[in-house]
Amino acid sequence: MSTIAFLGLGVMGAPMAGHLARAGHRVTGYNRTKLRAEAWRDAMAAEGIAVSLADTPAAAAIGQDAVLSCVGNDADLAEIVLGDEGALAAMEQGALYIDHTTVSPATAKQIATQAAQREIFAVDAPVSGGQAGAKNGKLSIMCGGDDAAMDKARPIMESYAARIVHIGASGAGQACKMINQVAVAGVLAGLSEGVRLAQASGLDMAKVLDAIGGGAAQSWQMENRWATMAEGEFDFGFAIDWMRKDLAIAMEAAHDAGLPMPVTALVDACYAKVQADGGARQDTSALVRHLPEVKP
């Protein structure tokens, strides 16, 4: 088993780090908000599993076989990896770095370049599956990096993944995640309108789901969010703030490629409306809130 540092113990990182510890790895955690790190340590202790905490990313990374991260955005990632107290400078030659944050491909490539200069293996590995996927160890992971880095990373990621796909060179994992987010946004837009139309038609929402959930309209979002969207429940972890960050990355890449993305731009504008109306920290399924509520 490996010694591992996990940087970022939020709604995604904490359960992922927990799976690593349960798999027998020796895990050291770091989080900028210490109370969250301490809560994770105490939760693991309640399971009879000992983990450690570090005060800085560099302190967490020293002497580790692998360093993993899952933080908020490009700036957060640059700080914990490349900053004065960042992990990369503290890592040893031959160590492995895996990043699960969703950031721009450019940031992933920058980190990979600096890692290579230090003879450190690097994989950009954004995830899909949300908070539930992290808790259940069923994430889908899309990876960028060379074959040697993937060979080292795969056995570690298997602790919390249902699917691991090596997309290509450094940055390819992040490029794939942009596509994932664009597709999810489009599905949620259609699902939002479907929910409201079913309500306006006075239909039994459970029966509608039973009828269409096994056909061509079926999706993970429909299966897991149809009922909660209809009930106005939006506390499922992946916030609109983060989705808009991801869509901005995707739209910037599309702009650079000369590719129009009118549907994504429209969905992003709808998210902005919900965000401004107090839904910034609600789950992405709160997109339905941009449409008027339908009373029975």
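Definitions and cut-offs
Residues numbered from 1 in each chain as written. Predicted model: local features only at pLDDT ≥ 70, side-chain atom pairs only at ≥ 80, totals over all residues. Heavy atoms only, no water. 1 Å grid on protein atoms, 1.4 Å probe; cavity = no way out; pocket = protein on both sides within 12 Å on 5 of 7 lines; lining within 4 Å. Points joined across faces, edges and corners; volume = space filled by probe spheres on them. Helix = DSSP H or I, 4+ residues; strand = E, 2+ residues; numbered from the N terminus. Nonpolar A, V, L, I, M, F, W, Y, C, P; charged D, E, K, R; others polar. Core = buried A, V, L, I, M, F, W, Y, C linked by side-chain atoms within 4.5 Å. Buried < 20%, exposed > 50% of the residue type's maximum accessible area, 1.4 Å probe, protein only. Axes fitted to C-alpha atoms, helices over the stretch in contact; angles between N-to-C directions. Parallel < 35°, antiparallel > 145°, perpendicular 65-115°, else oblique. Contact = heavy atoms within 4.5 Å. Pairing = 2+ DSSP bridges. Right-handed = clockwise from strand over helix to strand, strands pointing away. Expected span 1.5 Å × (residues − 1). Salt bridge = Lys/Arg side-chain N within 4 Å of Asp/Glu carboxyl O.

Engineer: Give a detailed account of the layout of surface pockets, specifying residues and quantitative values.
Structural biologist: The computed volume of the largest pocket comes to approximately 1,100 Å³. With five residues, the single largest contributor to the lining of the largest pocket is helix 8 (residues 172-200). Its residues placed into classes, the lining of the largest pocket shows 16 nonpolar, 19 polar and nine charged. The volume enclosed by the second largest pocket comes to roughly 270 Å³.

Engineer: Any details on the nonpolar core? Residues and values, ideally.
Structural biologist: Of all hydrophobic cores here, the largest spans 35 residues; its most connected members are Phe6, Leu68, Ile141 and Met157. Where this core is concerned, the elements lending two or more residues are strand 1 (3-7), helix 1 (13-22), helix 2 (34-46), strand 4 (66-69), strand 5 (96-99), strand 8 (139-144), helix 7 (147-157) and strand 9 (161-168). With 24 residues, the next largest nonpolar core counts Met205, Ile240, Leu247 and Cys270 among its residues.

Engineer: Which residues make up the packing of helix 4 (residues 74-82) against helix 5 (residues 105-117), and what values do they have?
Structural biologist: At a closest axis distance of 11 Å, the pairing of helix 4 and helix 5 adopts a crossing angle of 10°. By the angle between their directions, the pair helix 4 and helix 5 is classed as roughly parallel. Along its contact with helix 4, which presents Asp74, Leu77, Val81 and Leu82, the element helix 5 presents Thr107, Gln110, Ile111 and Gln114.

Engineer: Hey, could you go over the pairing of strand 4 for me, with residue numbers and the actual values?
Structural biologist: Burial along strand 4 is two-sided: Ala66 and Leu68 and Val67 and Ser69, pointing in opposite directions, are all buried. Two elements, strand 1 and strand 4, share four bridges in a ladder whose sense is parallel. Its bridge partner being in strand 4, Phe6 is matched across the sheet by Leu68. Note on the crossover from strand 4 through helix 4 to strand 5: the handedness is right-handed.

Engineer: Please give an account of the side chain of Asp246 that cites residues and values.
Structural biologist: Inspection of the secondary structure assignment puts Asp246 in helix 11 (residues 240-256). In this structure Asp246 touches Thr102, Gln181 and Phe238, once residues within four positions along its chain are discounted.

Engineer: Give me helix 10 (residues 220-231): which residues, what numbers.
Structural biologist: Here helix 10 is twelve residues long and its end C-alpha atoms lie 18 Å apart, about the 16 Å a rise of 1.5 Å per residue gives. The set of residues buried in helix 10 consists of Gln221, Met222, Arg225, Trp226, Thr228, Met229 and Ala230. In this structure, the buried side of helix 10 is in contact with helix 8 and helix 9 (205-212). Where helix 10 ends, the next residue or the one after it, Gly232, has phi of about 75°, a positive value.

Engineer: So, the pattern of salt bridges: which residues are in play, and what are the values?
Structural biologist: Taken as a whole and assessed by the stated rule, the structure comprises ten salt bridges. Between Arg41 and Asp42 there is a salt bridge whose closest N-O contact spans 3.4 Å. Residue classification places Arg41 among the partly exposed positions, given a relative accessible area of 34%. With a relative accessible area of 44%, Asp42 lands in the partly exposed category. For Asp283, the salt bridge identified is with Arg225, shortest N-O distance 3.7 Å. One end of the pair, Asp283, is in the segment after helix 12 (262-279); the other, Arg225, is in helix 10, and 58 residues separate them in sequence.

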